[in-house]
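These are the residues of each chain, in order.
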Amino acid sequence: MEFVVVIAAAIGIGGALAVYRWRRGRVPSWADAPALGTLSHQYAAERQTQLAAIAEEKGWSSSAYDHVLRGRIDAGMNQEMVLLAWGGPSAIDNRRTGPGGAPVERWIYHFPDGAVQYIWFAEGRVVEVRG
């Protein structure tokens, strides 16, 4: 009987996925695993290719594509760009209003190192990043 164990290693904002198979009675060790750097490189290359296709399809500027690829959030980015750069938020607060009573949405990100980042959107665009 064959079992599958999935081990995910966080690398920056993204992650690498290594799948190990072993037969009953044999426990895999880290020595069996491919080099993490190799997985990281493969993941980064695939992510870059996918993001390039999305950026071209959406008509993003090269600057916007670069920010998403590097995980940088800047004023003017839309929500889709933020999702692709950082993933889904830990929480969303829709009860805020901005200048003139316009609705403002706040996305809250909690990171494993304890850091908290807040991103405010008005009309679907980033207006402020704080953390």
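In this text, all values refer to a predicted model and were calculated from it rather than measured experimentally. (Residues numbered from 1 in each chain as written. Predicted model: local features only at pLDDT ≥ 70, side-chain atom pairs only at ≥ 80, totals over all residues. Heavy atoms only, no water.)

**Student:** Help me out: how do you make sense of the overall build of the chain in this one?
**Tutor:** The secondary structure content of the chain amounts to three helices and six strands. If you list the helices and strands of the chain from N to C, you get β-β-α-α-α-β-β-β-β. When the accessible surface of the chain is split by element, carbon and sulfur atoms take 53% of a total near 8,700 Å². (Helix = DSSP H or I, 4+ residues; strand = E, 2+ residues; numbered from the N terminus. Areas by Shrake-Rupley, 256 points an atom, 1.4 Å probe, with all protein chains shown as cover.)

**Student:** Help me understand the packing of aromatic side chains, please; the structure alone is not making it clear to me.
**Tutor:** Note on aromatic pairs: each is described by the distance of the centres and the angle between the planes. Counted by the stated rule, this structure contains five aromatic pairs. Each ring, one from tryptophan 107 and one from phenylalanine 121, has its centre 4.6 Å from the other, and the planes form 55 degrees; the classification is tilted. Taken as a pair, tryptophan 107 in strand S4 (residues 103-110) and phenylalanine 121 in strand S5 (residues 116-122) lie far apart in primary sequence, 14 residues in all. A residue is classified by how much of its surface remains accessible, and phenylalanine 121, at 2% relative accessible area, is buried. (Phe/Tyr/Trp six-rings, centres within 6.5 Å; stacked < 30°, edge-to-face > 60°. Buried < 20%, exposed > 50% of the residue type's maximum accessible area, 1.4 Å probe, protein only.)

**Student:** Before we go on, may I ask you to explain the side chain of aspartate 93 in this structure?
**Tutor:** Relative to the helices and strands, aspartate 93 is located in strand S3 (residues 91-97). With relative accessibility at 7%, the residue aspartate 93 sits in the buried group. Beyond its immediate sequence surroundings of up to four residues, aspartate 93 is in contact with Val104, Glu105 and Arg106. (Contact = heavy atoms within 4.5 Å.)

**Student:** Hey, could you run me through the nonpolar core in this one?
**Tutor:** Inside soluble globular proteins, nonpolar side chains tend to come together where they are buried. In terms of nonpolar packing, the biggest core is built from 17 residues, with Val68, Ile73, Val82, Ile119 and Val126 touching the most fellow members. Among the elements of the structure, helix H1 (36-58), helix H2 (62-70), helix H3 (79-86), S4 and S5 are those that each provide at least two residues to this core. Those residues within four positions of valine 126 in sequence are excluded, and the remaining contacts are Ile73, Asp74, Ala75, Gly76, Met77, Val82, Ile119, Trp120 and Phe121. (Core = buried A, V, L, I, M, F, W, Y, C linked by side-chain atoms within 4.5 Å.)

**Student:** Honestly, the confidence of the model for the chain in this entry has me stumped. Any pointers?
**Tutor:** Where the model shows low pLDDT, its predicted coordinates should not be examined in detail. On average, residues of the chain score 75 in pLDDT, and 68% of them are at 70 or above. A low-confidence stretch, residues 1-33 stays under pLDDT 50, and its non-local contacts, those more than four residues away or across chains, total 49 contacts. (pLDDT = per-residue confidence, 0-100.)

**Student:** Hey, could you run me through the sheet that holds S4 in this one?
**Tutor:** Strands in a sheet are paired, the pairing made by backbone hydrogen bonds, and the direction either parallel or antiparallel. The strand order across the open sheet built from four strands is S3-S4-S5-S6, with neighbouring strands paired in antiparallel fashion. Edge positions in the sheet fall to S3 and strand S6 (125-130), since each has one partner strand and no second. Along the sheet, successive strands turn relative to each other by an average axial angle of 25 degrees, direction set aside. Here S4 pairs with S5 via seven bridges, running antiparallel. Paired with isoleucine 108 across the bridge in S5 is tyrosine 118. Set on the sheet, H3 makes contact with S4, S5 and S6; between it and S4 the angle comes to about 5 degrees. (Pairing = 2+ DSSP bridges. Axes fitted to C-alpha atoms, helices over the stretch in contact; angles between N-to-C directions.)

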